[in-house]
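# Architecture and fold: a report
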Amino acid sequence: MQDAQAIYQDHLDMGLRPQWQRAFDSVCAYVHFSLRIETAHAVAIIQTAQEMRKSLEAFHASLVRLVAQACHRVCLSAAFGPSRPQHIVGRHRTCNMRSGQ
């Protein structure tokens, strides 16, 4: 059995390609709701696929504004939930990349 960090990293990798391609419904199809998202600036609880789609659209728009050409997410930590072992709680960093033009 894989450890929580490997599973979480796979999940991050699997979600990024369709997100980058604006296939937001594909991302929403494998996300379990409700979903808690914490950033340095805010905490959001996303209850539905419609809310998730809005969040994904906003994230994509921010990448466009930053002139990002690629994006990668790196797992910082992940663990199985103590009361729900099928649930993984994880933290990651998002790295936006662009050429040095």
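See above for the structure.
A brief look at the structure comes next. None of these values were measured; they are calculated from a predicted model.

If you tally the helices and strands in the chain, you get three helices and four strands. Reading the helices (α) and strands (β) of the chain from amino to carboxyl end gives α-α-β-β-α-β-β. The burial tally for the chain puts 24% of its 101 residues in the buried class. When contacts within the chain are restricted to residue pairs at least 6 apart in sequence, those whose partners lie at least 24 apart make up 54%. With an accessible surface of roughly 7100 Å², the chain has 54% of that area assigned to carbon and sulfur atoms. Positive and negative side-chain charges in the chain, numbering 11 and 7 respectively, have mean positions lying 7 Å apart.

Attention now moves to the pairing of strand β2 (residues 43–46). Where strand β1 (residues 35–38) meets β2, four bridges bridge the pair, whose relative direction is antiparallel. When the bridges of β2 are listed, R36 appears paired with I45. With antiparallel pairing between neighbouring strands as the criterion, β1 and β2 make up a hairpin whose turn holds four residues.

By size, the foremost hydrophobic cluster in this structure holds seven residues: F24, V27, C28, V31, I46, M52 and L56. Of all elements in the fold, only α2 (24–30) and α3 (49–65) reach the threshold of two or more residues within this core. Residues A4, Y8, L12 and A78 belong to the second largest nonpolar core, which totals five residues.

Most peptide bonds adopt trans geometry, and most residues besides glycine take a negative phi value. In this structure, the amide linkage connecting F33 to the following residue, S34, adopts the cis form with an omega of 5°. With respect to the helices and strands, the residue S34 is situated in the loop between α2 and β1. The phi angle at R22 is positive, at roughly 65°, despite the residue not being glycine. As for its placement among the helices and strands, R22 is situated in the loop between α1 (4–20) and α2. Judged by its relative accessible area of 48%, R22 is partly exposed.

Reading guide: rules and limits
Residues numbered from 1 in each chain as written. Predicted model: local features only at pLDDT ≥ 70, side-chain atom pairs only at ≥ 80, totals over all residues. Heavy atoms only, no water. Helix = DSSP H or I, 4+ residues; strand = E, 2+ residues; numbered from the N terminus. Buried < 20%, exposed > 50% of the residue type's maximum accessible area, 1.4 Å probe, protein only. Contact = heavy atoms within 4.5 Å. Areas by Shrake-Rupley, 256 points an atom, 1.4 Å probe, with all protein chains shown as cover. Lys, Arg positive; Asp, Glu negative; His and termini not counted. Charge placed at Lys NZ, Arg CZ, Asp CG, Glu CD. Pairing = 2+ DSSP bridges. Core = buried A, V, L, I, M, F, W, Y, C linked by side-chain atoms within 4.5 Å.

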